[in-house]
Structure formats: C-alpha cells, structure tokens
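Per-entry structural report
Listed below are the residues making up each chain.
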Number of protein chains: 2
Amino acid sequence: MSQQQYLTTLGKQAKAASFALANLSSQNKNALLRCISEQLTLNTEAILAANDQDVQAAKANGLTDAMIDRLLLDSERLAGIIADIENVINLADPVGSESASQLLDNGLRLTQRKVPLGVVGVIYEARPNVTVDIAVLALKTGNVVILRGGKETLTSNKVLSEVIRTALTLQGLPEDAVQLINSTDRDLVTGLLRLDQYVDMIIPRGGQTLQRLCAEKASIPVILGGIGICHLYLDKSADLSRSAEVIINAKVQRPTVCNALDTLLVHEAVAAEFLADLFTQMSALGVSFYTCEKTQQLFAASQFDIHPATDETFSTEWLSLTLGVKIVTDIDQAITHIRQHSSGHSEAILSDDINATCHFMNQVDSAAVYVNASTRFTDGSQFGLGAEVAVSTQKLHARGPMALDALTTYKWLATGDYTSRS
Amino acid sequence: MSQQQYLTTLGKQAKAASFALANLSSQNKNALLRCISEQLTLNTEAILAANDQDVQAAKANGLTDAMIDRLLLDSERLAGIIADIENVINLADPVGSESASQLLDNGLRLTQRKVPLGVVGVIYEARPNVTVDIAVLALKTGNVVILRGGKETLTSNKVLSEVIRTALTLQGLPEDAVQLINSTDRDLVTGLLRLDQYVDMIIPRGGQTLQRLCAEKASIPVILGGIGICHLYLDKSADLSRSAEVIINAKVQRPTVCNALDTLLVHEAVAAEFLADLFTQMSALGVSFYTCEKTQQLFAASQFDIHPATDETFSTEWLSLTLGVKIVTDIDQAITHIRQHSSGHSEAILSDDINATCHFMNQVDSAAVYVNASTRFTDGSQFGLGAEVAVSTQKLHARGPMALDALTTYKWLATGDYTSRS
C-alpha cells in the first residue's frame, strides 16, 4: 500500500467513524471516557514497558536528559494522565445545544445546533501524554482523531492508542475513532495536511518549524498557536516594587513555556532606578539579558550578563532564562514595538494609570492582554476552561486557550411546511 | 517595484490602517458608511463611465451576454448598491461587546471582547457590486480590506475604490483601509494568499477553481464556500403534490446560484408515480435529467431529456436547469449518497414522518439541513442576518451564511492587582 493509499484509508475510516460518534449522548461519551480510564489502568504494565523501550532507544540515540524526561512515563505520571480523564468527564459537553432559534419571516423555524467538527488531525512531538489528552478531549466532544506523534514515542503511542481503541470496541463504538499514524516517515505529515476530503481541522502542537510547515502545506484549516513572543510594558506610573515581582514571575516561574515573558519594555522615566534593582534580582536567578543600546549604556560598568539586542533577538521566543529589555520613551513606542515583534500570544502592562491601561488594552491586538498581571496566566486551566486543546495565536475560529467549545462547529437546521422561496 | 514589494507595501499599509479602524465607535463607522454612500452618489457619472469602458472592452473581447450583464452597472443598479449601504448602517455592530466576563480563582477579572479580525483579503470575480458590498461590511466591523477583483472590471473597481478612499479621507481615517490590487496579473493572487504577516483572513468569492487555488496555496486562513452540490430526499411518507412544488422551486427559481438543487433522491416506494408527474412538469420548464439506472428503465420509453448519471455527474454543481435523480431503497441510502457527493452546503428532506426527519437532521452533516423546505433558503438575508459576506462550507470559524459576526474575533482581557501565577 502506498503512503497515499494508507492515508486515504485512515481518512475514510475516520470519516465513517465520525458519523457514529457525532450523535452520542453525553452519558455515552462519559461512559466511553471512563472505560478508557479503566483500560489504561488495567494496561499500566504494558504501557510502561513500551515507554521503557522508547526511553532506552532515546538514551542509545544520545537524546538530552531534558528530552528523555519529556517522553518518560512512570506509574505516577500515568496515574496523573488517567486522573485527568476524570476531570474531562466532569466538564460540560457543549455538543447538541441549540441557539439563535427563531421563526423567520419566510415561515421557516431556524436554529443553530452545536455539533462536533468531525475529524481532527493532531500533529505533536515526543510527549506521550498528548496521545491520551487529545483523544479524550476529542471523544468528549464527539470528534474522531488521527494522531501523528513524535518518532521518539512511537512505541508508547502505539500501545496507548491500542488501549483506547479497545475501550471504543468495548463500548460498541468504531475503534477507528482514534487512529495513530504508525510510521514516522515525514512525508506522512505533509500527506496528512492535504487530506482535506476527510479531515476537518489540523492542530499542530509543536514549535515554529512545525507551525510553518502546517501554514505552508496544509489544504485543511489549521489552528496555529503555541508560539509566544510575550511582552510586558512597565509604565512610569506603575508601583515599582510590586512590578518587579510580576516581571520575575513572568520570566522565571517556568521559562520553557509559551506564555513566559520574552521582552520587557520600560518607560524611560523609571528605567535607570528600576532596572538596576531588577537586574540584580534576576541575575541572582540566572537570567541573562539582550538589551537596547540605552540599557547597555546604563549598565556598561555592571557585572550583569548583558548582550546587544537586535531586531532578530527581539523576535525570538526565548523559552529559557533570557530576557529582552528595551527602554521606551512612552506607551505608544511600547505598543509599536509589540505590534512589530509580538506573535499575538500574550502581552501585559503594569501601570496605576487608568488611561494608560485602557489605551494598552484597546491598542494591543493579541490573544490575551493583561493589566497588572503576569503573562503566565494564558492557559486553559487558569482561564477556567477546564481543559486546553491548544493556545491559538490566529484569529479565526478560536483565539488564545482553546477548550471543548473549539472542537465544535454548528449546523443550521430549518423546518418548514413544504415551504418554497418566493 | 517587484510584485512582492508591491504586495508587502499593501500589507503594511493595511495593517497600519487596521489599528486606526479597530477602536472606532459604531457612530463613527456609520458616519463613514454614510459618507461613502454620498460620495458614490456624487460620483455616479464617473463610475458609470468607467464601467462603460469595461463593458466595451468585454464586448470587444467577445464575452457572452450573461457575463457582460454580470459586470454591467447602470444608474439603477448603482442606486441599488448605494441603497444597500443604508441597510448595513442599520445593522447592529457586534464589535466591542464583552462576554464570558468573570472573576477567576487566581484573582484576575477576565473578559472576552469582540474585536475586528483586522485585515481581510477578498478575491472575487467580475461583479463590481462586490467591491462596494464587501468594503462596506468590512468597515462596518472595523476591518480593513485588500481587494482583488476580476480583470474584466478593473476600471470600474479602480474608480469605486478611489471613491471609497476619498470618503475615508473625508472622515479623517486612513485611506488604506480599502486598497485595490491595481493589476490583473495572476501571480498577485498567489502572492496575496501568502501575505500571512499582514492579512488575517482570505475570502474567495468565486468558483471551484478559485476555491481550490486558495485551499492549496494560502498560508492565511481561508473561508472556503459558495460551492453547493445540494440534495433533496423525498421520503415515502411525504405529501407528494406539495413536494413537487418545493422540488421545482429548489431547481428552477434561480438555477445559477449555489443553493439551487442539484440532485433529487427519491424513495423507491413512491418513485414511479411521483417522477412521472414531476418530470412532466419540470420538462415543460426546460429541465433535463441525469438519472440512475432504475430511473432510466422507468422512463426508457418517455420523451424526457434523460442522460445516464455517473459518480462524476452526481458530484457536479449544475448551476443550470439540469437535475440529477436517483431512486434509493431507504433514507439511509439517501444519507450515504449525500455524504459521498455533497459539498456540505444545503440538503433537504421532504417527509411527514418525524422519525425520518429527525434522523435526517442528525445524520446529515452540512451547513444547512432543511425539513420540508427548499434548499434555496440558504442565504444571509433569508436567515435574518441582514448581510452576507459569503456562504461557508467549511466548519471552522463560520458555517453557512456569514454575516457581520464572522468578520470579528475576540481578545481575552484580564486585569489583576500586580498578580503573579503561583
């Protein structure tokens, strides 16, 4: 079977399964999720054994400890993944609700019913927890998935997806509601991106290279996201000592995630005093800096780890204990910098001036805009959504943290009495 | 200036203008629309003269009368376009409203504010009214547009867009909120589709070839739509004489539009009697038929204009007085046929059996699903939306008739008290 035939087969099977899933009641879907939870528990030993094969291969291939840690499952982590299923069971199911119902002048009774998207393709990296997380969120909303995980976790993903398929069968549902692409050939990714006859949406969960590949090659709607070049603007009116805490939190609390702070913009009226203190505190925490020329001049004689910033460094998502710093003459210069360099993820202003905060909220066009808060809050769980499918940085369909609702669409239903259009 | 430089310049200008438009009050936007209406009236003579050049060129190039009629503006048509602006002024402006506002457990006050998409690219064919319609709908929602019209109407579009730009200037707004691509080079279309740094959404308003080009080449989110392979299933329980009226309406009332009927599926229990009568009525109206083998056998001795249907003809959007006909053994065979051949636009069932109608509404996955009504109702105005930007046949962002709301997105705004994530 050629790759194209293989993908077409997956697509057809997914589409067929999607019709069986689309009209399940919430009770049926929750029973399925509980069955998945039970089957994962029953098969703990096999799952950990498969994961150990991936870990051994990763070690043999010289992967870094950090990468190995990302793909590692142990009984505690697996128990955590299983416990999360219970949380999803407890979430409200958006599917089936109707809105905008009305009697039209033409005599039709019209309603908008929320329905599953259908078939969702998910492309992700070497995190086996995503296999379970995304399958569970998709099934909760009556969707089916085609999964393409990272090559380093193929053995783990095969076992995990087979366990989920067993649960589907036990519940009398088509096992093809969850399918894993069982090869790590890269051509299968581009092939999946063009399976528009069968797949309704692609979610890439990975870095810039994967996001660009999807934007360039997909003929299916893609949810781009997860890339955060996040800014925080310190206004001259801000409470400086409380501000330092928030800035440190935004940069240091978990520097490897997309909502961590990348660039600090400081009003020139408070820059010299504030930055001296901030750099001292942050340097002690291991932070290094890429700064504008003004900042460099201010701290030319210092011991801080300061490098010259460029347009390129200001457009970098650091994902590390590195911070861009720029002194600005006013709030509009800060906003202009953000418009030029932001990825549209999360930006914040620290200020006690209501005019400045309103101006910032109005003028900054990102998924999440904060006043006097850390950028680290952009997260489905922090936003009270109960789940997170992805964090969208595009404007169509869903923006910012995406939860169950973003896995649905709607159809218009209209009922007449043998009604013709006049 | 190279084509790429030209497009980049358009993109930058559009993005800059988008920030000026995004926070206008509804009053300001309506004043702008009224000014456009006035300027179009004042410049009627110049607009009609430019259109006459397009018409003369079209005649010289041997375009069909139907095509020339599509691109023709006369004073009555232009007055109609101007009158439509008043309708848009009277629509509610969705921008600026907030929803889902709540106080989170982490202390943040969170809200979702509706905001314009930003920059919308629209690619359309030789209908100069689209230039005004789409600019007005975009401006009403605080968006800016980059327009690429059909080459046959370039002269008309240049004058129309200049008149709109004059109105923007008169209102103290950036004229680049409306920009027309001033050349008909096809490479500019593919270039526009990849301007993802500046353009937030592409709306192609045109046929299958344009839709596929956009799906294949765009790195910007695209709203595919406007292609309707529409089905109507006649159940054995239907009121047959009332059904014939609806079927004829769906096919004949305006055969050249996307919501016109393409394929009739008839339950075998009523096929012979019903079709004999229907074919007689429809033949008198000039309809020809592509039918399944059973139907052909039934009418082998008839004078009806009947051709053998194939998988390909059943996947054709006719846009003419042609109807596909297939006799099915039951409702599920009808649904299977629809799943295989539909473009996801509009489908209908005619039936007096509530079980059949519910089953059909649940199982058919198209933008609009009708019970006892013509497919011809899928339309922004018929659905009470007041406007129609496009009819989406994809599932992300908007489905079916898209109105003002589909030109918006939202941003999350969160306010804390120097709040860090714990």
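To be clear, the structure that these remarks concern was listed above.
Description of the structure in this document.

Here is what the cut-offs are and how they apply
Residues numbered from 1 in each chain as written. Chains lettered and ligands numbered in written order. Predicted model: local features only at pLDDT ≥ 70, side-chain atom pairs only at ≥ 80, totals over all residues. Heavy atoms only, no water. Helix = DSSP H or I, 4+ residues; strand = E, 2+ residues; numbered from the N terminus. Buried < 20%, exposed > 50% of the residue type's maximum accessible area, 1.4 Å probe, protein only. Contact = heavy atoms within 4.5 Å. Areas by Shrake-Rupley, 256 points an atom, 1.4 Å probe, with all protein chains shown as cover. Lys, Arg positive; Asp, Glu negative; His and termini not counted. Charge placed at Lys NZ, Arg CZ, Asp CG, Glu CD. 1 Å grid on protein atoms, 1.4 Å probe; cavity = no way out; pocket = protein on both sides within 12 Å on 5 of 7 lines; lining within 4 Å. Points joined across faces, edges and corners; volume = space filled by probe spheres on them. Nonpolar A, V, L, I, M, F, W, Y, C, P; charged D, E, K, R; others polar. Phe/Tyr/Trp six-rings, centres within 6.5 Å; stacked < 30°, edge-to-face > 60°.

What follows is about the overall build of chain A. Broken down by element type, chain A carries 15 helices and 16 strands. Each of the three principal axes of chain A carries a C-alpha extent, and together these read 75 × 70 × 40 Å. Within chain A, buried positions represent 58% of all 422 residues. Looking at chain A alone, contacts between residues at least 24 apart form 72% of all its contacts between residues at least 6 apart. Total accessible area on chain A stands at roughly 16,300 Å², and carbon and sulfur atoms take up 49% of it. For chain A, the separation between the mean place of its 33 positive charges and that of its 46 negative charges on side chains is 7 Å.

With that out of the way, let us pick up empty space enclosed by the protein. Applying the stated criterion across every chain, the model contains two cavities of 30 Å³ or more. Taken as a whole, the largest cavity holds about 270 Å³ of empty space. Around the largest cavity, the lining comprises 22 residues; the ones closest to its centre are I220, P221 and V222 of chain A together with P221 and V222 of chain B. For the lining of the largest cavity, the elements supplying multiple residues, two or more each, are α9 (208–217) of chain A together with α9 (208–217) of chain B. Residue composition of the lining of the largest cavity, by class: 16 nonpolar, six polar and no charged.

Before going further, it helps to examine the packing of aromatic side chains. On inspection of all chains with the given rule, the structure shows 14 aromatic pairs over all chains. Pairing F383 of chain A with W412 of chain B gives two aromatic rings, centres 5.0 Å apart and planes at 50°, and the pair type is tilted. Pair noted here: F383 of chain A is in the loop between β13 (368–373) and β14 (390–392) and W412 of chain B is in strand β16 (residues 408–419), and the two residues belong to different chains. W412 of chain B carries the same exposure label as F383 of chain A, and that label is buried. Ring geometry for Y410 of chain B versus W412 of chain B: centroids 5.9 Å apart, planes at 90°, classification edge-to-face. Judged by relative accessible area, which is 5%, W412 of chain B ranks as buried. Following the ring pairs from residue to residue traces out a cluster consisting of F279, F289, F299 and F304 of chain A.

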